[in-house]
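# Chain and residue survey
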Amino acid sequence: MKQESTAQNTPPASPPLSPAPSPTPSPPAQHPRDDGEPQALWIFGYGSLVWRPDFAYSDSRVGFVRGYSRRFWQGDTFHRGSDKMPGRVVTLLEDHEGCTWGVAYQVRGEQVSEALKYLNVREAVLGGYDTKEVTFYPQDTPDQPLKALAYVATPQNPGYLGPAPEEAIATQILACRGFSGHNLEYLLRLADFMQLCGPQAQDEHLAAIVDAVGTMLPCFCPTEQALALV
């Protein structure tokens, strides 16, 4: 997820806790105003939004959603790639056993319309993502889940690349760059975020791509250039 300039707030690092059994979700954290827009809304980020949301928000929480796995299956021809060399960015795949960690941002009042307007361009117009409601479990209070809006790339969008071996995805990531920077930066920032979440936050797909990149990187460029990319 995508267009990335400096955020107004940095997602907080919460002390790691093990996911608790699924309680009954609370109602959606949004209340309609007279003009039809919600007074408050939670937005779940699991890609570049975890380190660079680039919209104003009132609160943020680290946590996870169940029933989805994160996959580098969406093509990116703007932020992390080009028309000739699409980059690879993440989307959510429905998976009964899956668990995806990320950050939920709460927007309130005028922040709601501004955030949605911005994300419509960043995620939908430029990224090919659709919106979906998910249940988010905060890391510090997993027994108090929240309803949140997530941006998900489905196989129906024209930029969808679908599955590929992790080694092939790593090769593509190493070769691609877009307006927001190198595709490798996207991968490594996401890996850094997962480390901050603690040992209970697992993403085997992400870890396998990082391992493949580590093996291939010296073959793609000299050592000094490789270090500059990292």
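Structure shown above.
Residues numbered from 1 in each chain as written. Predicted model: local features only at pLDDT ≥ 70, side-chain atom pairs only at ≥ 80, totals over all residues. Heavy atoms only, no water.

The next point concerns the sheet that holds strand E1 (residues 40-45). Pairing is mixed around the closed barrel formed by 5 strands, whose spatial order is E1-E3-E2-E4-E5. Averaged over all pairs of adjacent strands, the angle between strand axes in this sheet comes to 45°, irrespective of strand direction. Alignment of strand E2 (residues 59-76) against strand E4 (residues 130-138), held across 3 bridges, turns out to be antiparallel. Paired with Phe64 across the strands is Tyr137, a residue of E4. Each of E1, strand E3 (87-108) and strand E5 (146-152) touches helix H1 (residues 110-125); the most contacted strand, E3, lies at about 145° to it. The strands touched by helix H2 (residues 166-175) are E2 and E3; relative to E3, the strand with the most contacts, the crossing angle is about 45°. (Pairing = 2+ DSSP bridges. Helix = DSSP H or I, 4+ residues; strand = E, 2+ residues; numbered from the N terminus. Axes fitted to C-alpha atoms, helices over the stretch in contact; angles between N-to-C directions. Contact = heavy atoms within 4.5 Å.)

Here we come to the pairing of E1. The two faces of the sheet receive side chains in turn, since in a regular strand these alternate between them. A large share of E1 lies buried, amounting to 6 of its 6 residues. With burial as the criterion, each face of E1 is covered, one bearing Ala40, Trp42 and Phe44 and the other bearing Leu41, Ile43 and Gly45. Relative to E3, E1 runs antiparallel, the two being bridged by 6 bridges. Along E3, the bridge assignment pairs Ala40 with Arg108. (Buried < 20%, exposed > 50% of the residue type's maximum accessible area, 1.4 Å probe, protein only.)

This part takes up helix H3 (residues 183-197). If you check H3, its first and last C-alpha atoms are 22 Å apart, about what 15 residues at 1.5 Å a residue would give, namely 21 Å. Within H3, burial applies to Asn183, Leu184, Tyr186, Leu187, Leu188, Leu190, Ala191, Phe193, Met194 and Cys197. Where H3 ends, the next residue or the one after it, Gly198, has phi of about 105°, a positive value. (Expected span 1.5 Å × (residues − 1).)

Ranked by internal contacts, the top residues of the largest apolar core, which has 57 residues, are Phe55 and Phe72. If sequence neighbours within four positions are ignored, Phe72 has contacts with Arg88, Val89, Val90, Ile169, Ile173, Tyr186, Leu187, Leu190, His205, Leu206 and Ile209. (Core = buried A, V, L, I, M, F, W, Y, C linked by side-chain atoms within 4.5 Å.)

A separate point is the pattern of salt bridges. Per the counting criterion, the structure on display carries 6 salt bridges. With a closest N to O distance of 3.4 Å, Asp59 and Arg61 form a salt bridge. For Arg61, a relative accessible area of 27% puts it in the partly exposed group. In this structure, Glu185 and Arg189 form a salt bridge, with 2.9 Å as the shortest nitrogen-oxygen distance. Of this pair, Glu185 and Arg189 both sit in helix H3, 4 residues apart, roughly one helical turn. A relative accessible area of 22% places Glu185 in the partly exposed class. Accessibility expressed as a relative area gives 34% for Arg189, which makes it partly exposed. Look at the salt bridges and you will find they share partners, linking Arg80, Glu185 and Arg189 into a network. (Salt bridge = Lys/Arg side-chain N within 4 Å of Asp/Glu carboxyl O.)

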